[in-house]
Amino acid sequence: MGSTFTANNAFEDKLSLGLEYSYMSTFFLRGGYNLLMENSDQSVYGFTAGAGVDYKFAEDIGIVFDYAYRDVQDFPTANHILL
């Protein structure tokens, strides 16, 4: 679990919260939330979620797959990111 507070001089302060669950250091689930401290209804980003797999075939050979979802208020659709 983690959190970040950003105190801005020129912009509004921001709070980000996140949580990650790992099973056997191979499968991962993530969730989080981003919000502005004063005008939270004007936040561009909100709920975030993700999942990943980090599978090792040998000591130096493996495969990594990551998916992330981010809710965006001003775009027609949410962001979907594959890595």
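Structure's up top.
Everything numeric here is computed off the predicted structure, so don't read it as measured data.

> Mind showing me how you'd approach the pattern of salt bridges here?
A side chain of one charge can pair with a side chain of the opposite charge when the charged atoms of the two come close. The tally for this structure, following the rule as stated, stands at three salt bridges. Residue Glu20 pairs with Arg30 through a salt bridge whose shortest N-O separation is 2.8 Å. Pair noted here: Glu20 is in strand β2 (residues 14–23) and Arg30 is in strand β3 (residues 27–36), with a separation of 10 residues, a long-range link. One salt bridge connects Asp66 with Arg30, and the closest N-O pair in it is separated by 3.2 Å. Of the two residues, Asp66 is situated in strand β5 (residues 62–72) and Arg30 in strand β3; the sequence distance between them amounts to 36 residues. Asp66 sits in the partly exposed class, given a relative accessible area of 22%. The partly exposed category is assigned to Arg30, whose relative accessible area is 30%. Salt bridges linked by common partners bring Glu20, Arg30 and Asp66 together as one network.

> So what exactly am I meant to see when it comes to the sheet that holds strand β4 (residues 45–56) here?
Pairing between sheet strands relies on hydrogen bonds along the backbone, with the strands arranged either parallel or antiparallel. If you trace the six strands from one edge of the open sheet to the other, you get β1-β2-β3-β4-β5-β6, paired in antiparallel fashion. Edge positions in the sheet fall to β1 (2–6) and β6 (79–82), since each has one partner strand and no second. When the angles between neighbouring strand axes are averaged without regard to direction, this sheet yields 10°. Bridge count between β5 and β6: four bridges; the pairing is antiparallel. Paired with Tyr67 across the strands is Leu82, a residue of β6.

Calculation rules
Each residue is numbered by its place in its chain's sequence as written, counting from 1. Selection of residues for local features in this predicted model requires a pLDDT of at least 70, selection of side-chain atom pairs for listing and counting requires 80 or more, and totals for whole chains, interfaces and linings are taken over all residues. Side-chain calculation: all heavy atoms of the structure are included, whereas hydrogens and water are not. Salt bridges, as used here, are contacts in which a Lys or Arg side-chain nitrogen is within 4 Å of a carboxyl oxygen on Asp or Glu. The helix count covers DSSP runs of H or I at least four residues long, the strand count covers runs of E at least two residues long, and both are numbered beginning at the N terminus. Only protein chains enter the accessibility calculation, which uses a 1.4 Å probe. A residue is then buried if its area is under 20% of the maximum for its type, exposed if over 50%, and partly exposed in between. Following DSSP output, two strands are said to pair if at least two bridges run between them. Only C-alpha atoms enter the line fits that serve as axes; for helices the fit covers just the stretch in contact. Angles between N-to-C directions range over 0 to 180 degrees.

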